[in-house]
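Chain and residue survey
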Amino acid sequence: MNRKDLELPTFLCGTVLEVSRRFIKILAPSNHIITGIVSSKNLEVVVGDIATFEERDGDIFVTSIASSERGLYRSVHGKLKKMGSNIDRLLVITASGPTFNPVVIDRMLAAARARSIPASLVINKIDLGLAGLEEMVSVYRRIGLPVLLCSAKKGEGIAELRAILEAPEVAIVSLCGVSGVGKSTLLNSLVPGAKSRTGDLSTKTGQGKQTTTQPRGHLYTGAPGLTKVIVDLPGVQFFGLSHLSHEEARLAFQEMIEVAGGCRFGDCKHVKEPECAVKAAVVRGDIATWRYESYLQILEEIAEFKQF
Ligand code: GDP
Ligand code: ZN
């Protein structure tokens, strides 16, 4: 039975693609992009939200935002910052070479896991080889994380990225990564011209350099009639997680969950507790030391924040 048969009132709603002060760009169900004005200062809007809007005297006013799921958050100086809503898949972008940083990767994965956002790791610049990263890649694969190897430069692995975007259960995919990993180049391979677009709502930074500091949704069109949203999240060097609970931090490390049943205490944090099965697994080499260190760093940050 469709909406007409049920005689439900028709209302206008769409997916938020871009937010700048009180103006937002919305993808309407007709696939048109419209610019709206947020009618109340109290209405918090982020990319990926579903906005309800109405037309008044030729202007579009956003009147409400539907409650969202799968929001990606990070902490900035102890303040919670929502980066996006309704994310069906997070692609953590990294690259072969010096920008490969497991501490940052683990933090992004933890933020996704805390909100039940399925994540994949994308290692770009594979044309440079995987020198030294094989062990880390196999650890990530062992914990069940999908790892895609690609080269935006050579066009390798792009078909696999398209397959993720075109999966029927996926409407919004977010790209997250530190700058320099080739995120813009990858995005351009999927949405030609995405990063050279002009006339957007980007803001000026204090240094007077024109950079996009806000998340932005781009339209990916695959097969005829198929439109998906790719949210380009700004490149951050530090992904703060002070808002996570200990429980959320623990749950982000799959290999720890698998052995934690052997810890003496049911609520073991795997730090100072005696008879800790996780620490024993680290000593045996069954859990990678660098993964355990990522976990400890997150706990330290949570503890530091709690002191204020
Ligand atoms: P972003 O800061 O993550 O958006 O990175 P950019 O897309 O601006 O790329 C950073 C640098 O990496 C540029 O010099 C790109 O030409 C280069 N780059 C991007 N993709 C690849 C790739 O697949 N292989 C290699 N070797 N270089 C790449
Ligand atoms: Zn333990």
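How each quantity is defined
- Residues numbered from 1 in each chain as written.
- Chains lettered and ligands numbered in written order.
- Predicted model: local features only at pLDDT ≥ 70, side-chain atom pairs only at ≥ 80, totals over all residues.
- Heavy atoms only, no water.
- Domains from an automatic or database assignment.
- Helix = DSSP H or I, 4+ residues; strand = E, 2+ residues; numbered from the N terminus.
- Buried < 20%, exposed > 50% of the residue type's maximum accessible area, 1.4 Å probe, protein only.
- Lys, Arg positive; Asp, Glu negative; His and termini not counted.
- Salt bridge = Lys/Arg side-chain N within 4 Å of Asp/Glu carboxyl O.
- Contact = heavy atoms within 4.5 Å.
- Pairing = 2+ DSSP bridges.
- Donors = N, O, S within 2.8 Å, 3.2 Å for Na, K, Ca; no water.
- Tetrahedral: all angles 85-135°; square planar, octahedral: opposite > 155°, others 65-115°.
- Arc of directions from axis to C-beta.
- Phe/Tyr/Trp six-rings, centres within 6.5 Å; stacked < 30°, edge-to-face > 60°.

Turning our eyes to something else, we now look at the domain arrangement of the protein chain. Taken as a whole, the protein chain is organised into domain 1 (3–65), domain 2 (72–232) and domain 3 (246–305). Taking only C-alpha atoms, the centre of domain 1 and the centre of domain 3 are 43 Å apart.

Attention now moves to the side chain of arginine 74. For arginine 74, the location among the structural elements is in strand E6 (residues 72–76). It is glutamate 301 that comes nearest to the buried, bridge-free arginine 74 among opposite-charge side chains, at 9.1 Å. In contact with arginine 74, other than residues within four places in its own chain, are Lys79, Leu80, Lys81, Met83, Val236, Phe238, Phe239, Gly240 and His243.

This paragraph deals with the pairing of strand E12 (residues 216–221). Judged from the six bridges that link them, E12 and strand E13 (residues 227–232) form a sheet pairing that is antiparallel. Of the residues in E13, the one forming a bridge with tyrosine 220 is lysine 228.

This paragraph deals with the pairing of strand E5 (residues 59–65). The pairing of strand E3 (residues 33–38) with E5 spans two bridges and is parallel. For valine 38, the partnering residue across the bridge sits in E5 and is valine 62. Pairing of strand E4 (residues 50–56) with E5, which is carried by six bridges, proceeds in the antiparallel orientation. Its bridge partner lying in E5, alanine 51 is registered against isoleucine 65. What sits between E4 and E5 in their antiparallel hairpin is a turn of two residues, with aspartate 57 showing a positive phi close to 50°.

A word on the coordination of the zinc ion (ligand 2). At 2.1 to 2.4 Å from the zinc ion (ligand 2) lie its protein donor atoms, namely Cys263 (SG), Cys268 (SG), His270 (ND1) and Cys276 (SG). Coordination at the zinc ion (ligand 2) is tetrahedral, judged from the four donor atoms that bind it and the angles of 103 to 117° they form at the metal. Positions of the donor residues of the zinc ion (ligand 2) along the chain correspond to the pattern C-x4-C-x1-H-x5-C. Classification of cysteine 268 by relative accessible area gives buried; the value is 2%.

Considered for burial, the residues of helix H8 (residues 277–284) that qualify are Ala277, Val278, Ala281 and Val282. Each buried residue of H8 sits inside an arc of 145° when the element is viewed along its axis, so together they form one side. Exposed residues lying more than 90 degrees from the buried face of H8 are Val283 and Arg284. Against the buried residues of H8 lie helix H7 (254–260) and helix H9 (289–306). Positive phi appears at glycine 285, one or two residues downstream of H8, with a value of about 90°.

So, about the packing of aromatic side chains. By the definition in use, this model includes three aromatic pairs. Between phenylalanine 253 and tyrosine 295, the aromatic rings sit 5.6 Å apart at their centres with planes inclined by 75°, giving edge-to-face as the arrangement. You can see phenylalanine 253 sitting in the loop between helix H6 (246–251) and H7 and its partner tyrosine 295 sitting in helix H9, a full 42 residues away along the chain. Residue classification places phenylalanine 253 among the buried residues on the basis of a relative accessible area of 1%. Its relative accessible area of 0% is what places tyrosine 295 among the buried residues.

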